[in-house]
Amino acid sequence: MISEIESQDDVASLISIFSEVWGAETLSEFVSNIQSNLCLLVKDYAGGVVTGYVFYDRDMRENFIEITDIGVAEKHRGRHFGQEMVDHICSQTDCVRLCVRSNNGSAISLYTSLGFKEILTIENYYGVGNDAIRMEWKRIR
Ligand SMILES: CC(C)(COP(=O)(O)OP(=O)(O)OC[C@H]1O[C@@H](n2cnc3c(N)ncnc32)[C@H](O)[C@@H]1OP(=O)(O)O)[C@@H](O)C(=O)NCCC(=O)NCCS
């Protein structure tokens, strides 16, 4: 179930998943994400437990959505929560773009499974030796 942030508990779950995924020292990135991006959560149907989040933004000039970050709590991975969030974002637009670390196999598999294509490699995007792959999904008409 896709949801907006609806309560204090949702915020606590979001911070907890974000720091589990990226490390507790990334709090400043979290603050910057929440200030400059839109955010959606995915919840387990059974208990309404927050299992993951996606940050995204809309590029109004070129008319696409940029996914800036996505994470699923480790214990809930492999249950298609990541897919549900990316699918939901794709349903809102005709074009979605993102950057992913070239060595992040699970994320690249997730995006590829939904029809994203690699459009370019940006060398050293995440620091020297850490390249980014730019991926794009386009609605097929
Ligand atoms: C990437 C991430 C969001 C995927 O979330 P998830 O909910 O576990 O993924 P899903 O269950 O929706 O997987 C959907 C598809 O992606 C692929 N996939 C996902 N995880 C995979 C893995 N570890 N290995 C191989 N393929 C994988 C599979 O094709 C899968 O479909 P299938 O289960 O029918 O085979 C999650 O692993 C995560 O939070 N990783 C850490 C944060 C991160 O790397 N974010 C990406 C930043 S760009």
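The paragraphs below set out a description of the structure included in this document. Once a new chain begins, its residue numbering starts again from 1 and follows that chain's sequence as written. pLDDT decides what is reported in this predicted model: residues at 70 or higher carry local features, side-chain atom pairs at 80 or more are listed and counted, and totals for whole chains, interfaces and linings draw on all residues regardless.

### Remarks on the sheet that holds strand β7 (residues 132-138)
Read from one edge of the open sheet, seven strands run β1-β2-β3-β4-β5-β7-β6, paired in mixed fashion. What marks the edges here is a single partner per strand, and that holds for β1 (2-3) and β6 (117-122). By definition, two strands form a pair when at least two bridges between them are found by DSSP. Put simply, DSSP marks the helices as runs of H or I at least four residues long and the strands as runs of E at least two long, and each gets a number from the N terminus on. Of the strand pairs in this sheet, β1 and strand β2 (residues 38-43) are connected by two bridges, and their pairing is antiparallel. Within β2, the position partnered with S3 by the bridge is L41. Taken strand by strand, helix α1 (residues 8-22) contacts β2, β3 (50-59) and β4 (64-72), and its axis lies near 90° from that of β3. For the purpose of contact definition, each residue receives a C-beta atom placed from its backbone, and two residues are in contact when these atoms lie within 7 Å. Between N-to-C directions, angles span 0 to 180 degrees; the directions come from axes that are lines fitted to C-alpha atoms, helices contributing only their stretch in contact.

### Details of the packing of helix α3 (residues 81-90) against helix α4 (residues 105-113)
One way to put it is that α3 packs onto α4 with a least axis distance of 10 Å and a crossing angle of 50°. Taken together, the axis directions place α3 and α4 in an arrangement best described as oblique. Crossing angle aside, the handedness with which α3 passes α4 is right-handed. Two secondary-structure elements touch here, α3 through G82, Q83 and V86 and α4 through L110, Y111 and S113. In this count, Pro and Cys sit with the nonpolar residues alongside Ala, Val, Leu, Ile, Met, Phe, Trp and Tyr, while Asp, Glu, Lys and Arg are called charged and the others, Gly among them, polar. Each residue belonging to the contact of α3 with α4 can be placed in one class, and the counts come to three nonpolar, three polar and no charged. With respect to orientation, any angle under 35 degrees is reported as roughly parallel, any angle over 145 as roughly antiparallel, any angle of 65 to 115 as roughly perpendicular, and every other angle as oblique. Put simply, a crossing is left-handed when the front helix is turned counterclockwise from the back one by less than a right angle, and right-handed when it is turned clockwise.

### Considering the site of the ligand
Close to the ligand lie 18 residues; R77, G82, Q83, S106 and S109 are nearest. At the level of elements, β4, α3 and α4 are the ones that each hand at least two residues to the shell around the ligand. The residue makeup of the shell around the ligand, split by class, is seven nonpolar, nine polar and two charged. Each residue receives a C-beta atom placed from its backbone. It is near a molecule or strand if this atom lies within 6 Å of it.

### So, the pairing of β7
Alternating positions in β7 separate cleanly, I133, M135 and W137 being buried on one face and A132, R134, E136 and K138 remaining unburied on the opposite face. Of the pairings in the sheet, the one linking strand β5 (residues 95-101) to β7 comprises seven bridges and is antiparallel in character. From the neighbouring strand, C99 faces β7, where its bridge partner is R134. Summarising the sheet, β6 and β7 pair through five bridges and their orientation is antiparallel. From the neighbouring strand, I122 faces β7, where its bridge partner is A132. Counting other C-beta atoms within 10 Å of each residue's C-beta, where C-beta atoms are placed from the backbone, gives the exposure class: buried for 20 or more, exposed for 12 or fewer, partly exposed between.

### Points about the nonpolar core
What we call a nonpolar core is a set of buried Ala, Val, Leu, Ile, Met, Phe, Trp, Tyr and Cys residues whose membership is set by joining through C-beta atoms within 7 Å. Counting 26 residues, the largest nonpolar core has Y53, V54, I67, M85 and I89 as the members making the most contacts within it. Among the secondary structure elements, those contributing two or more residues to this core are α1, β2, β3, β4, α3, β5 and β7. Other than its neighbours up to four places away in sequence, M85 contacts I2, L40, V42, G52, V54 and I70.

### Here we look at the environment of G105
Tracing the sequence through the fold places G105 in helix α4. As for G105 and R139, which are separated by 34 residues in sequence, their C-alpha atoms are 24 Å apart.

### Points about the environment of S102
Within the secondary structure, S102 is located in the loop between β5 and α4. Using a count of 17 C-beta atoms within 10 Å as the deciding quantity, one classes S102 as partly exposed. Through-space distance from the C-alpha of S102 to that of T121 is 8.1 Å; in sequence the pair is 19 residues apart. Those residues in contact with S102 that lie beyond four places of it in its chain are T121, D131, A132 and I133.

### So, α1
Under the 1.5 Å per step criterion, the end-to-end length of α1 is 21 Å for 15 residues, consistent within 8% with the ideal 21 Å. When α1 is considered as a whole, its buried residues turn out to be S13, L14, I17 and F18. Burial along α1 is one-sided: seen end-on, the buried residues are contained in an arc of 130°. Exposed residues lying more than 90 degrees from the buried face of α1 are Q8, D9, A12 and S16. Structurally, α1 contributes buried residues whose contacts are with α2 (27-36), β2, β3 and β4. Under the convention used throughout, the expected extent of a helix is 1.5 Å for every residue step, that is, one less than its residue count. The arc in question is the one spanned by the directions pointing from the helix axis to the C-beta atoms.

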